[in-house]
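# Descriptive analysis of the structure
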Amino acid sequence: MLPWETLEKALTPDGSELTLARRGQDYSIRIDNRELMTSRTHGSEEQLAQAACAPIRRRQAPRVLIGGLGMGYTLRAALDTLGPEASLVVAELTPQVLEWNRTHLAELAGRPLDDSRARVELVDVGNLLDGKTKWDAVMLDVDNGPESLVRDGNDRLYDLAGLARIHRSLTPGGMLAIWSAGNDPRFVNRMRTAGFKNSRSECARARGGKKGPRHFVFLGNT
Ligand SMILES: C[S@@+](CC[C@H](N)C(=O)[O-])C[C@H]1O[C@@H](n2cnc3c(N)ncnc32)[C@H](O)[C@@H]1O
């Protein structure tokens, strides 16, 4: 088997080490030597976007927010689900991840950054969920899920106060979707307590359809 080749290394704003590696056609992003994301599987990252965007796609000029660029699969699926009047903001913490999406990773999801509906802001996604700016849909894939945090700072997105802030940042009937490596019924309850209607978790297979490990998408609407 081919060995992994390290292409780039970068420090995140909070001092963790990110590594971009390639083996043949496969790419991997690791954080402090733990795999954050691989190009081999992206079915659940796509399902995250489809579940959040399908219910609001017929709105006039919907505005959506994606937390975490990664390899651009969620952004690609959101672009493909939404119409020509939509506008999409991707909040990404690490400048090098954006740079890698313009170079090494650009083709993986079909160059989503070239779409004029999409814009990346190098900012913590939490800063764009202030209750003042309103979104029709918010998609979060910034961590392994609400209870297994790669980055401690992301805790503030998932606690009750954070969920209430997200609720206030959505238009009426707006959608919240959160990616998670595992299921978490207590988190679904917390979403309900924060005011989200139809709070639920959906299984999302890593390879799409019925294939690959089981990931989960937490969903609710205002
Ligand atoms: C698992 S990847 C996202 C994968 C993405 N859904 C895809 O389809 O490729 C997580 C991304 O979130 C970024 N990130 C982590 N915490 C963040 C935060 N608080 N705000 C914005 N971006 C964040 C990481 O730098 C990384 O690029």
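Structure first, text after, so check above.
Quick summary incoming for the structure in this document. (Residues numbered from 1 in each chain as written. Predicted model: local features only at pLDDT ≥ 70, side-chain atom pairs only at ≥ 80, totals over all residues. Heavy atoms only, no water.)

### With respect to the pattern of salt bridges
- In total, this model carries eleven salt bridges according to the counting rule given.
- In this structure, Glu35 engages Arg40 in a salt bridge whose closest nitrogen and oxygen atoms are separated by 3.9 Å.
- Overall, Glu35 belongs to the partly exposed group, its relative accessible area being 38%.
- A relative accessible area of 33% places Arg40 in the partly exposed class.
- Asp115 is the salt-bridge partner of Arg117, the closest N and O atoms lying 2.9 Å from each other.
- Given a relative accessible area of 19%, Asp115 falls into the buried group.
- Among the charged side chains, a network of salt bridges with common partners joins Glu107, Arg111 and Asp114. (Salt bridge = Lys/Arg side-chain N within 4 Å of Asp/Glu carboxyl O. Buried < 20%, exposed > 50% of the residue type's maximum accessible area, 1.4 Å probe, protein only.)

### Regarding the pairing of strand β8 (residues 135–140)
- Along β8, six of the six residues are buried, which leaves the element largely enclosed by surrounding structure.
- Pairing between strand β5 (residues 63–67) and β8: four bridges, direction parallel. Within β8, the residue paired with Val64 across the bridge is Ala137.
- Pairing geometry for β8 and strand β9 (residues 170–180), over five bridges, is parallel. Its bridge partner being in β9, Val138 is matched across the sheet by Leu176. (Helix = DSSP H or I, 4+ residues; strand = E, 2+ residues; numbered from the N terminus. Pairing = 2+ DSSP bridges.)

### What about the sheet that holds strand β3 (residues 26–31)?
- Strands sit in the order β1-β2-β3-β4 across an open sheet of four strands; the sheet is antiparallel. The open sheet has two edge strands, β1 (5–11) and β4 (34–38), and neither has a second partner. With direction set aside, neighbouring strand axes in the sheet form an average angle of 25°.
- Pairing geometry for β1 and strand β2 (residues 17–23), over six bridges, is antiparallel. (Axes fitted to C-alpha atoms, helices over the stretch in contact; angles between N-to-C directions.)

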